[in-house]
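Analysis of the macromolecular model
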Amino acid sequence: MLYVDCFAGAGKFEDGELGSPSIAIECLEKSFALRKDEGSLAPKVYMKFIELNHAQDLIGNLTQQPKGRCEVISGKFEDKIIPLLQNIINEHPKGLNVFLYVDPWGVKVLNAELFDAVADVFDSSELLINLNSFGFFRDACRAMKVTRFDNEATIFENILGDIEEYDSSAMDSVDELNAVAGGDYWQVIVNNYGNGSIDGYQAEKEFSEQYKLRLRQKYKYVLDMPIRLKSGQHPKYRMVHACNHPDGCKLMAENIAKRTDRLVVDVQSGGQLSLFEQTADNEVADDVLLEKNVRELLSKTTDFVRLNEFLAIFYNEFGVLCDVPRLSSGKSGSILKTLEKSGDIIVARSPELTGKNQPTKFWAESKDKTLSLKGK
């Protein structure tokens, strides 16, 4: 496995808080410990950290790592990423899984063609992108000379002013914006904003949705999570995850659901609980909506499909409206459990029987348990 942190930083902040390289290494160690407890062999993992300004500090913070696991690459992401991937391809022509963490706090260096190439070249590839969607919209308005409000520049500055961008220079070229977006679809959105058909919130969200659709040309599952500090604000940015494996999508959806609780309750609401569970987009997803969406998906599921794939398709199509237990594995009941009891779905489990020769009833897949389902 190749893990590349494309804008790694120093590995530790001035206040002692861990940066993304140190967090990733901690996660790796925990994973290795779990595999050892299970008696499984650990995979070979190569961790590459690209850093322009703090490479020496990062090297100093990684001195305790086993030889050959970590490499700090000093320089610009846009100069280093293609040679790095080419070298990896030459050394490991088959069987390599690649995970790129792309967190530039800006959009100028994002390159749709690069992300396409990663999906084409490697056996398995995942992206986790920090998409400054509103920053893109700001530059797009400037490039197309679209202005609706006298105080528009102030609005953009209030939202984006405290974000330290990797490259804060504005994109004034339509070609530059096309390269980031992977097409010219964004121009229609900016024109609709300019003529008053949509507001800034709708424009940002529409661009984010179209950006995900563009990624889906190469990646089957694409999720996103808006990060905003107060309910109703424009997102500071969106974390976008793309992969081609249902388990990767399901795991990311679980993480987004967990972090949504903290983001909505602790950060946006100052710790005040709500009567209703909310998504990261501050929308209420009740059981009526969840069942409606599940039934809609089941109407298209005429052949048996594995549970994890069904869940991945659900999140990919409808977004992370809830955590996994509300859909399948909750002890007090869930949407799919309820539909099984009512006879609206057909479920096939392996193993079919427990050690006491009773029918199995599990609603979560694991290494030795599989579940497939389809609509009636």
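The present account deals with the structure reproduced in this document.

Cut-off values and rules
Residues numbered from 1 in each chain as written. Predicted model: local features only at pLDDT ≥ 70, side-chain atom pairs only at ≥ 80, totals over all residues. Heavy atoms only, no water. Helix = DSSP H or I, 4+ residues; strand = E, 2+ residues; numbered from the N terminus. Contact = heavy atoms within 4.5 Å. Areas by Shrake-Rupley, 256 points an atom, 1.4 Å probe, with all protein chains shown as cover. Phe/Tyr/Trp six-rings, centres within 6.5 Å; stacked < 30°, edge-to-face > 60°. Buried < 20%, exposed > 50% of the residue type's maximum accessible area, 1.4 Å probe, protein only. Core = buried A, V, L, I, M, F, W, Y, C linked by side-chain atoms within 4.5 Å. Expected span 1.5 Å × (residues − 1). Pairing = 2+ DSSP bridges. Axes fitted to C-alpha atoms, helices over the stretch in contact; angles between N-to-C directions.

1. Here we look at the overall build of the protein
Within the protein one finds 14 helices and 10 strands. Taking the contacts inside the protein whose residues are at least 6 apart along the sequence as the reference set, 66% of them involve residues at least 24 apart. With an accessible surface of roughly 19900 Å², the protein has 49% of that area assigned to carbon and sulfur atoms.

2. Quick word on the packing of aromatic side chains
Following the criterion strictly, the structure yields 10 aromatic pairs and no others. Ring centres 5.8 Å apart and planes at 90° place the aromatic pair Phe136 and Trp186 in the edge-to-face group. Of this pair, Phe136 sits in helix H5 (residues 133–143) while Trp186 sits in helix H8 (residues 186–194), and the two are 50 residues apart along the sequence. For Phe136, a relative accessible area of 2% translates into the label buried. You can call Trp186 buried: its relative accessible area is 1%.

3. Re the nonpolar core
Grouped together as the largest cluster of nonpolar side chains are 52 residues, with contacts concentrated most on Ile81, Phe115 and Phe136. For this core, the element with the highest residue contribution is H5, accounting for six residues. What Phe115 contacts, discounting residues up to four positions off in sequence, is Val102, Leu110, Leu127, Ile129, Tyr211, Leu215 and Tyr219. Listed in part, the 51 residues of the second largest apolar core include Leu28, Ala253, Val305 and Phe314.

4. A closer look at helix H12 (residues 307–318)
Its 12 residues place the ends of H12 16 Å apart at the C-alpha level, agreeing with the 16 Å of an ideal helix rising 1.5 Å per residue. Gly319 sits one or two positions beyond H12 and adopts a positive phi of about 90°.

5. Quick word on the sheet that holds strand E1 (residues 2–5)
Ordered by their spatial adjacency, seven strands build an open sheet running E3-E2-E1-E4-E5-E7-E6, and the pairing between neighbours is mixed. Among the strands making up the open sheet, the edge pair consists of strand E3 (70–74) and strand E6 (221–227). Neighbour-to-neighbour, the strand axes of this sheet turn through a mean angle of 10°, independent of strand direction. Relative to strand E7 (residues 237–243), E6 runs antiparallel, the two being bridged by seven bridges. Its bridge partner lying in E7, Met225 is registered against Met239.

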